[in-house]
Number of protein chains: 4
Amino acid sequence: MTDSQSIAGPIETTDDLDGDRLREYCGVFGVFDFEDAAAITALGLHALQHRGQEAAGIVTYDAGGRFHAERRLGLVGDHFSKESTIKRLPGSAAIGHVRYATTGETILRNVQPLFAELNTGGFAVAHNGNLTNAQALRRDLIKEGSIFQSTSDTEVILHLVARSRKPQLIDRFIEALRAIEGAYSLVALTNKKLIGARDPLGIRPLVIGELDGKYILASETCALDIIGARFVRDVKNGEIVIISESGIESIEPFPARAARPCIFEFIYFARPDSLVQGRPVYEVRKAMGRELAREQNIAADVVVPVPDSGVPAAIGYSRESGIPFELGIIRNHYVGRTFIQPTQSVREVGVRMKHSANRCVVEGKRVILIDDSIVRGTTSVKIVQMMRDAGATEVHFLISSPPITHPDYYGIDTPQKEKLLAATHSLEEMRAYIGCDSLSFLSVDGIYRAMGFDGRDKTHPQFTDHCFTGDYPTSLTDLVEENRAQLSLLAEAS
Amino acid sequence: MTDSQSIAGPIETTDDLDGDRLREYCGVFGVFDFEDAAAITALGLHALQHRGQEAAGIVTYDAGGRFHAERRLGLVGDHFSKESTIKRLPGSAAIGHVRYATTGETILRNVQPLFAELNTGGFAVAHNGNLTNAQALRRDLIKEGSIFQSTSDTEVILHLVARSRKPQLIDRFIEALRAIEGAYSLVALTNKKLIGARDPLGIRPLVIGELDGKYILASETCALDIIGARFVRDVKNGEIVIISESGIESIEPFPARAARPCIFEFIYFARPDSLVQGRPVYEVRKAMGRELAREQNIAADVVVPVPDSGVPAAIGYSRESGIPFELGIIRNHYVGRTFIQPTQSVREVGVRMKHSANRCVVEGKRVILIDDSIVRGTTSVKIVQMMRDAGATEVHFLISSPPITHPDYYGIDTPQKEKLLAATHSLEEMRAYIGCDSLSFLSVDGIYRAMGFDGRDKTHPQFTDHCFTGDYPTSLTDLVEENRAQLSLLAEAS
Amino acid sequence: MTDSQSIAGPIETTDDLDGDRLREYCGVFGVFDFEDAAAITALGLHALQHRGQEAAGIVTYDAGGRFHAERRLGLVGDHFSKESTIKRLPGSAAIGHVRYATTGETILRNVQPLFAELNTGGFAVAHNGNLTNAQALRRDLIKEGSIFQSTSDTEVILHLVARSRKPQLIDRFIEALRAIEGAYSLVALTNKKLIGARDPLGIRPLVIGELDGKYILASETCALDIIGARFVRDVKNGEIVIISESGIESIEPFPARAARPCIFEFIYFARPDSLVQGRPVYEVRKAMGRELAREQNIAADVVVPVPDSGVPAAIGYSRESGIPFELGIIRNHYVGRTFIQPTQSVREVGVRMKHSANRCVVEGKRVILIDDSIVRGTTSVKIVQMMRDAGATEVHFLISSPPITHPDYYGIDTPQKEKLLAATHSLEEMRAYIGCDSLSFLSVDGIYRAMGFDGRDKTHPQFTDHCFTGDYPTSLTDLVEENRAQLSLLAEAS
Amino acid sequence: MTDSQSIAGPIETTDDLDGDRLREYCGVFGVFDFEDAAAITALGLHALQHRGQEAAGIVTYDAGGRFHAERRLGLVGDHFSKESTIKRLPGSAAIGHVRYATTGETILRNVQPLFAELNTGGFAVAHNGNLTNAQALRRDLIKEGSIFQSTSDTEVILHLVARSRKPQLIDRFIEALRAIEGAYSLVALTNKKLIGARDPLGIRPLVIGELDGKYILASETCALDIIGARFVRDVKNGEIVIISESGIESIEPFPARAARPCIFEFIYFARPDSLVQGRPVYEVRKAMGRELAREQNIAADVVVPVPDSGVPAAIGYSRESGIPFELGIIRNHYVGRTFIQPTQSVREVGVRMKHSANRCVVEGKRVILIDDSIVRGTTSVKIVQMMRDAGATEVHFLISSPPITHPDYYGIDTPQKEKLLAATHSLEEMRAYIGCDSLSFLSVDGIYRAMGFDGRDKTHPQFTDHCFTGDYPTSLTDLVEENRAQLSLLAEAS
């Protein structure tokens, strides 16, 4: 069903350099036993805003025994910076969520955290990741008489918990986790507990923080930093942590397996000042640039990053190669919208709305341009042209990760395979399309070296890296079933 | 759970003459096989706006096999007059709903029609009325694992239908109706049918209309008039009508009983130009005024209606008594908000924001003031004072219905019993409180005479009239259970 | 220059029964030495809202020696009901203005009161009326180097005052009044005085009120009633009243002439509960209905007013003729917008959005329909058709004023002469166009009789009545100059 | 007069690192004979957005002989990216303006370009700079009967032109320029010409661009780059350029003087990719960092810029000193608002809302922190503390310009002298207040060296640099008159 309870403003589709990035679906945050739980959660979500800009929500539980929810389309700061909103969220325990969503389904019913009144009491849950058997489970639940209110796979988890016959909430929760496949980092809230859970491979991140002896859960450490909390450790793959008045407890209900976190957190998603799996993201990105310089040997005058995500790799490349680092592309901080393109004389304004060439460091120079990845390649074409327009004599385009050849099903918004440039073009075809003098990617082993390994362990890969290798770490139940794309909430109407 | 997905503007609480009315909860509308189903439904809901000003919603079903929903806080014209909104509601079948809601629960999740994807296909339902065993049913459903998204009793019906094991939707629907108690006029939509249903006593209204051989369901005939449709008949008490490509079909699954429609539709709720149970409401109200003049015999110079609801009774009174009808109170059409009350000199502005005395017909006159009912009496005090301030020498306050002594549980928003003026005051106490020279109510038998009967049939009352008599026509399951008022969605959280 | 500093919402153009009324341009209000001057002015303007719904403004002067202004597009209650707005308007003296404006020029710069810092101090002015030599004066002022910020003729007055070489503000003001022609009721504010002025013929209304020994100026007495003030008297034609700490002072700088107030205030503009020139408007309108009944003698079953402006005349007609008064047309209070017209089956919804026939009093009846005036006649067609659709056997359309044959230039928004139905059609042609069985207007003498005269004094007409007679009471300087319609602010650009 | 025609949202006062910058008042742009003049101007203003974020306006002139204006509070992209807005601005000539304004006066009347209908035709003007004798001129004009609508000093220019008795517009304009003192870069539009003018010292910038043989005026070259136009030359100090159908013409009505452009354009205001007075700003800033490294010799492990304005200087410093450049502070792109500060446990969030320390490059390191200037020093305290919190062992704070000891009166928003940290503290007191281990500023001669000179020419300084030296280049008429601060538009009210 289409449903437009409340209209969201159009997602900005500015023709900028970020238009060709992969996008993370979500970020989660949770606190327990904090005096201003909602205000702290708003700050935490703000620090996680890069993980989802489309909607945000907070659920709190107050001592009076009530849950409170606020869910809004827009940025965290648009709504949750207001005292009036925070006042509607009393209580000392809270979970929150930021999300990015696929087109057409951005409706308030899908904004998390989701909440249900269960026989065991209220239960709220927020999810980062994507289930690969959600459609199959949903069909079974509808047959049993469950009513779905959203198209979110997270609601499947909620119904599984509601349907479970176990008397204890935590056992119901485990039963639900056993039924689902795919990637998930979850934070959940009951009237007594804050719960965190990570899928058996630990694909999506989730960390534990501490402030004044009280615990926090968050997708990234940058959300701990903003409130001055200390990083304790990552939630382990397959681990459930339960935070209550008795402190923190850990359950590992699944058979032990090696973790296999998503490598894209390091390449693009995570904020550079975060630690992911204990590694500083900024240093990893510099190392990728360094490895790239070791793999390539290109004579050039300047190293120019595509702002902002290419900056650490460009610094690493410059340091390793000795070629000077320069801001050859300037970002305009005031953009947000697409202006009317004048018809006369003016060449397509495109990326110049948000970025401009810094002619004084580009003109007459051989330029090494560094970016973190290429998805469709559409903006790469423009950025290379921008360098040429500014007078670059050569443009060498270097990517600090391998070619993306396979889509993701674990919570990253990738286009269909046929839209991935590297899935359908040879290296030379890509170079010709982009219009650069040379095009190079970091090798798969190179990226593992940047992470501190000798290379990729082919039998037991250390990361979830199917976007580069096609090696999906879990079964893809929904995908296997035919006509997956056609499946809609209402497809069975009869 | 409190939930503020989207903020509604504060309900206007202007201190006006309408502030002391009872309020209807809802109005419903449905069409099948109309080219512009959503646009027609918007018009129908607009004509029913007096039955609920807080929110409105429309669900359509299109030939492509999809349901579409738009639900908004505010007036019908605020949102559903826009082409952009109507375009998001394609299809030739539609149901719609307007609602008035009690404080604190005006959230989008409660706005109807509700929709669920069932095993048998999509199902949407809109409800006018109130169930008297909704809390008990809700508790049972939650125990079974159902997840409720709203606090609306209508969702209980949806879950009962979803849970039913009958293979046919219509049998599931009947099974659900058998489980519920109270008052309901329902319109429902599947991918093949428009369904209307009225509770066994026919407490709330529902009529069938026809235009070009196609059928319409609506709470009142005024919604037929706006689209130029013909009134066919009332849906009978206990009847289910099924409108499909094969035409209209009627089912009466309940044992035959005499209808007992709510008498307040005639007194205040229905629009004066509507037919309710076949009777023209305007003429009934004039007859109430006429009966009042027959019961009372008061010497006076002018008959002044409290606008606008007192006008027909005042015309009837004037005609019967021969005392001239005058507009002694003028309505300001531009009000909507409470202004700042100046501190100095200015007597409390109160009702003058929205109404003013027409001094030229009041000054020096003995005034008969006619209103349709008294609930708390708060605005009666002000209107009587307004007449005195304008120079009336005597103010006789006459009410064209009996004293309201009991609250309603069938979809009318009545205050608690202790707030009903007539429940706690004698006639003389009421007169003294209101400050008029005399106060009179129409008798219970008088109101039945205005309806065309000799009087009230004590053994088989012709109307639902418990507000005057305390004679509730159904069991009140939820009320009987203790601490009903305390029951909240989350009360059992443990 | 077109100028869209701030966007106004589109003026509602609902196809309703009010769509064919003449419109008043403005209402004014002023207080001096009141503790909450802005709050009181907001109330006064609210009571005058029927005189202008497009914009409102208030200027105050505070003891600290500063003027404060708030001017907004929209209704008074949209902005000036808010405490935050009123708080930005401190001071014990205030003037306010509501306005209706012609298309395309509704910009904030035109919203009054206007303000200028003069050599003698701050000066604010608000105007109801229209100058007939504003264009000529404007051209002269621009030649002298004056810069106009608005297209309002009121700004001409401001510049004339600014340019005057007289040392005293009041003498500058009189000098300005001597230069202008046309109709004006002005309220003005300096740091020491509240000033009211009415043109030599007293075309537009202005009254003096009193509360606790302090004075108020207002367009109508209904604005006194809302704050509980006492009506003192009308400002006389050609009179200037000066309210200051020393009380109230009167100046009559023009040669004595007989007043000639605009007769349309009685027919349509003024609120029925107002006194205009000392006459109760409601009673005058009833008298117009009574005169109409005396002039006509039509056999009929019911007298039905076109709501709401036709109601008093219909009561008068019913009383005089003995034919029962019935609400044959019901007004829907919830309209404001034009809905999408469905294509299929549904006859043009038009006026039914805002009004509906009350079939039970119309069906099978000979109907006398009473309205106050006909301008273009477009909605008359619809309302007559509505009566026929509801089953009226005959429809006799009676107008409680004479045919409008000439446009106005004194502050009433009339269409161009060729759009006035009565200017281009004979009575029978009008009847045929409107589609009624008979059409009658009150005679010119009849309307004077309703005002208490024997008839119109042809040599010294008691009222400004050129819309019926073509007898314009002042010279029309701007009109006489060629190509008046073409004249724009920028026409001389070279 | 306070005036709140239209409410602006509160200026964001986020406690961020930019909170302590000086602010430019304005940017201007103009085109002549371009097909989409308004759309091009919107792009140009967008590129100049860093020069003023509070309001924007465009005036166009169309072939039909009309001027059109749109002026709005907010960013250029908020309004002028919309097709509907651009469509209201037809014509092939346009001027535009972005502004930053001081508190309390941000009202639409002050938003430029200003427009007046003069005897010679329409005249629009936009101004970057500040007049130092505006108050004196305003008083004289009011005495003559001029009415001011804004508090903007630009309106003084408009009235001077309107009052001039010269027959030709251009002579009136020159007469007006002769009367004014201070800094101004003006663009003006008549029905035949686009005019640019720069004050006799050329304090504020203004450049000429060309595209397809047509001319553009803009505050900075970055506004030429966005539309793909070519930089022709700077408008000279004291020059008036007149662009018409006959091409471009230059007038120099003032006695020849050496230019003395504002040095702050190089330090902070201009975009790094702009050329100012022919110099690439990015390279000048790198040179300031290089000079700083030459003047200081500090042992450290990393060079960290305060983002974003400290980046070029930090690159220059790193290059000269050999100490690695690292992004030690990460900017959060999603901030805009101040969140609620939680009471419990959480240390003041302050700058962490918008920036966070990148612990991995700071922890255990001796940090050289580079910023472009210190105004009040309030955020410097926080940024140094942020470095310490992240584990820096030493924090050396280096400023790539001299201490600011004097306020500006030429269009830069500086706080009063007593709020300037360097005006009231010794270097050691500043260091202690900021809490760094050492504090150093670039010398005055150092900054001139970075500009390519041997040092400051004390007799004929090459730049306007009074903020560092107290050497104001023009007389300060208004300031000299007593109680300048008290002077308000209404101060003379009597």
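Note that the structure is predicted; figures quoted are calculated from it, not measured.

Scanning chain A from terminus to terminus reveals 17 helices and 24 strands. Put simply, chain A has 494 residues, and 61% of those count as buried. Across chain A, every contact between residues at least 6 apart in sequence was considered, and the portion connecting residues at least 24 apart equals 71%.

Attention now goes to the sheet that holds strand β24 (residues 438–441) of chain A. Residues and elements named next belong to chain A. Read across the sheet, 4 strands follow the order β18-β21-β22-β24 without closing on themselves; strand pairing throughout is parallel. Of all strands in the sheet, those bounded by a partner on one side alone are β18 (302–305) and β24. Taking each pair of neighbouring strands and ignoring which way they run, the sheet shows an average axis angle of 25 degrees. In the sheet, strand β21 (residues 366–371) pairs with strand β22 (residues 394–399) via 6 bridges, with the strands oriented parallel. Looking at β22, one finds that Asp 371 is bridged to Ile 399. Sheet strands touched by helix α12 (residues 378–389): β21 and β22. Its angle to β22, the strand with the most contacts, is close to 145 degrees.

Turning next to the UniProt feature "binding site: Mg(2+)" (unreviewed entry) in chain A. Residues and elements named next belong to chain A. With numbering matched to this structure, UniProt assigns "binding site: Mg(2+)" (unreviewed entry) to Ser 309, Asp 371 and Asp 372. Look at the named residues: they lie 64 residues apart in sequence, but the longest C-alpha span between them is just 7.1 Å, so in the fold they bunch up. If you trace the backbone, Ser 309 turns up in the loop between β18 and α10 (311–321). Non-local contacts of Ser 309, meaning those with residues more than four positions away in its chain, are made with Tyr 268 and Asp 372. When you line up the elements, Asp 372 lands in the loop between β21 and α12. With near-sequence residues (within four places) excluded, Asp 372 lies in contact with Ile 267, Tyr 268, Ser 309, Gly 310, Ala 313, Ser 400 and Ser 401.

Before going further, it helps to examine the nonpolar core. Formed by 660 residues in total, the largest nonpolar core has its most connected members in Leu 369 of chain A, Leu 369 of chain B, Leu 369 of chain C together with Leu 369 of chain D. When neighbours within four sequence positions are excluded, Leu 369 of chain D is seen to be in contact with Val 304, Val 306, Ile 383, Val 384, Met 387, Val 395, His 396, Phe 397 and Leu 398 of chain D.

The next thing to look at is the relation of the copies chain A and chain D. When chain A is fitted onto chain D, the two copies agree to an RMSD of 0.1 Å after a turn of 180 degrees and an axial shift of 0.0 Å. The transformation just described matches what one would write down for a two-fold rotation axis. Across chain A, the rotation axis passes nearest the C-alpha of His 333 of chain A, at a separation of 4.3 Å. Mapped onto chain D, 100% of the interface residues of chain A are again interface residues, and the two copies thus contact each other with one and the same surface.

On to the interface of chain A and chain D. Counting from both sides, the interface comprises 55 residues of chain A and, opposite them, 55 residues of chain D. At the level of secondary structure, the elements contributing two or more residues to the side of chain A that touches chain D comprise α1 (37–47), α3 (83–87), α7 (222–225), α9 (281–295), α10, β20 (355–357) and α11 (359–362) of chain A. At 5 residues, the largest contribution of residues to the side of chain A that touches chain D is made by α1 of chain A. Among the residues forming the side of chain A that touches chain D, the class breakdown is 31 nonpolar, 12 polar and 12 charged.

Moving on, we come to the interface of chain C and chain B. On the side of chain B, 56 residues touch chain C, which itself brings 55 residues to the contact. Contributing elements (two or more residues each) for the side of chain C that touches chain B: α1 (37–47), α3 (83–87), α7 (222–225), α9 (281–295), α10 (311–321), β20 (355–357) and α11 (359–362) of chain C. At 5 residues, α1 of chain C tops the list of elements feeding residues into the side of chain C that touches chain B. For the side of chain C that touches chain B, a count of residues per class yields 31 nonpolar, 12 polar and 12 charged.

To continue, consider the environment of Tyr 215 of chain B. Relative to the assigned elements, Tyr 215 of chain B resides in strand β12 (residues 214–218). For Tyr 215 of chain B, the residues in contact, after removing those within four places along its chain, are Phe 32, Ile 208, Glu 210, Ile 243 and Ile 248 of chain B.

Moving on, we come to the domain arrangement of chain A. How big an interface is tends to be stated in terms of the accessible area lost upon association of its parts. Per the domain assignment, the segments making up chain A are domain 1 (17–260) and domain 2 (283–331 + 350–456). Centre-to-centre separation of domain 1 of chain A and domain 2 of chain A, based on C-alpha positions: 35 Å.

All names here are of chain C. Taking 1.5 Å per residue, 15 residues should reach 21 Å; α9 reaches 21 Å between its end C-alpha atoms and fits that length. In terms of burial, α9 is largely enclosed, as 12 of its 15 residues are buried. Among the residues making up α9, those that are buried are Val 281, Tyr 282, Val 284, Arg 285, Lys 286, Ala 287, Met 288, Gly 289, Arg 290, Glu 291, Leu 292 and Ala 293.

Looking now at the sheet that holds strand β24 (residues 438–441) of chain D. Residues and elements named next belong to chain D. An order of β18-β21-β22-β24 is seen for the 4 strands of this open sheet, with the pairing classed as parallel. Sheet topology places β18 (302–305) and β24 at the edges, where each strand pairs with a single neighbour. Shown here is a sheet whose adjacent strand axes are inclined to one another by a mean of 25 degrees, direction ignored. As paired strands, β18 and strand β21 (residues 366–371) are joined by 4 bridges and run parallel to one another. Looking at the pairing, Val 304 lines up with Leu 369 of β21. Along the sheet face, helix α10 (residues 311–321) touches β18 and β21 and points at about 165 degrees away from the line of β18. Strands in contact with helix α14 (residues 427–434) are β22 (394–399) and β24; relative to β24, the strand with the most contacts, it is inclined by about 125 degrees.

Let's shift gears to the confidence of the model for chain A. All names here are of chain A. Scored by pLDDT, chain A comes out at a mean of 89, with 90% of its residues at no less than 70. Every residue in residues 4–16 scores below 50 in pLDDT, and together they form 33 contacts with partners more than four places removed in sequence or on other chains. Of the regions scoring below 50 in pLDDT, residues 482–494 engages in 21 contacts with residues more than four places distant in sequence or in other chains. Two numbers describe this predicted complex: its pTM, 0.84, and its ipTM, 0.89.

The subject of this paragraph is the environment of Ile 216 of chain D. Residue and element names in this part refer to chain D. Of note, Ile 216 is situated in strand β12 (residues 214–218). Ile 216 gets classed as buried once you count the C-beta atoms within 10 Å, which come to 27. Through-space distance from the C-alpha of Ile 216 to that of Phe 339 is 42 Å; in sequence the pair is 123 residues apart. Not counting residues within four places of it along the chain, the set of residues in contact with Ile 216 comprises Val 31, Gly 209, Glu 210, Leu 211, Leu 224 and Ala 229.

On to unusual backbone geometry. Here the residue pair Gln 112 of chain B and Pro 113 of chain B is connected by a cis peptide bond, since its omega of 0 degrees sits within 30 degrees of zero. Secondary-structure assignment places Pro 113 of chain B in the loop between β6 (93–99) and β7 (114–118). Between Pro 307 of chain C and the following residue, Asp 308 of chain C, the backbone shows a cis peptide bond with an omega angle of -15 degrees. Looking at the secondary structure, you find Asp 308 of chain C in the loop between β18 (302–305) and α10. The backbone of Gln 277 of chain C sits at a positive phi, close to 50 degrees, despite the residue not being glycine.

Looking now at the environment of Ala 176 of chain D. Residue and element names in this part refer to chain D. Locating Ala 176 in the fold gives a position in helix α6 (residues 169–179). Ala 176 sits in the buried class, given 23 other C-beta atoms within 10 Å. Counting along the chain gives 26 residues from Ala 176 to Gly 202, while the straight-line C-alpha distance between them is 17 Å. In this view, Ala 176 contacts Ile 157, Leu 160, Val 161 and Ser 164; residues no more than four positions away in its chain are not counted.

A word on the packing of helix α9 (residues 281–295) of chain D against α10 of chain D. Residues and elements named next belong to chain D. For the pair α9 and α10, interaxial distance at closest approach is 7 Å and the crossing angle is 45 degrees. It follows from the interaxial angle that α9 and α10 lie oblique. Crossing handedness for the pair α9 and α10: right-handed. Residue-level inspection shows Tyr 282, Arg 285, Lys 286, Ala 287, Met 288, Gly 289, Arg 290, Leu 292, Ala 293 and Arg 294 of α9 in contact with α10, the latter providing Pro 312, Ala 313, Ala 314, Ile 315, Gly 316, Tyr 317, Arg 319, Glu 320 and Ser 321. Tallied by class, residues from the contact of α9 with α10 come to 10 nonpolar, 3 polar and 6 charged.

Next up on the list: the pairing of strand β6 (residues 93–99) of chain D. All names here are of chain D. By the criterion of burial, β6 is predominantly enclosed, with 7 of the 7 residues buried. Burial along β6 is two-sided: Ala 93, Ile 95, His 97 and Arg 99 and Ala 94, Gly 96 and Val 98, pointing in opposite directions, are all buried. When strand β4 (residues 55–61) meets β6, the two strands line up antiparallel, connected through 7 bridges. If you follow Ala 55 over to β6, its bridge partner there is Arg 99.

Calculation criteria
Residues numbered from 1 in each chain as written. Chains lettered and ligands numbered in written order. Predicted model: local features only at pLDDT ≥ 70, side-chain atom pairs only at ≥ 80, totals over all residues. Helix = DSSP H or I, 4+ residues; strand = E, 2+ residues; numbered from the N terminus. Buried ≥ 20, exposed ≤ 12 C-beta atoms within 10 Å, placed from the backbone. Contact = placed C-beta atoms within 7 Å. Pairing = 2+ DSSP bridges. Axes fitted to C-alpha atoms, helices over the stretch in contact; angles between N-to-C directions. UniProt positions renumbered as here; feature names shortened; annotations may be inferred. Core = buried A, V, L, I, M, F, W, Y, C linked by C-beta atoms within 7 Å. Least-squares fit on C-alpha atoms with pLDDT ≥ 70 in both. Nonpolar A, V, L, I, M, F, W, Y, C, P; charged D, E, K, R; others polar. Domains from an automatic or database assignment. Expected span 1.5 Å × (residues − 1). pLDDT = per-residue confidence, 0-100. Parallel < 35°, antiparallel > 145°, perpendicular 65-115°, else oblique. Left-handed = near helix turned anticlockwise from the far one by under 90°.

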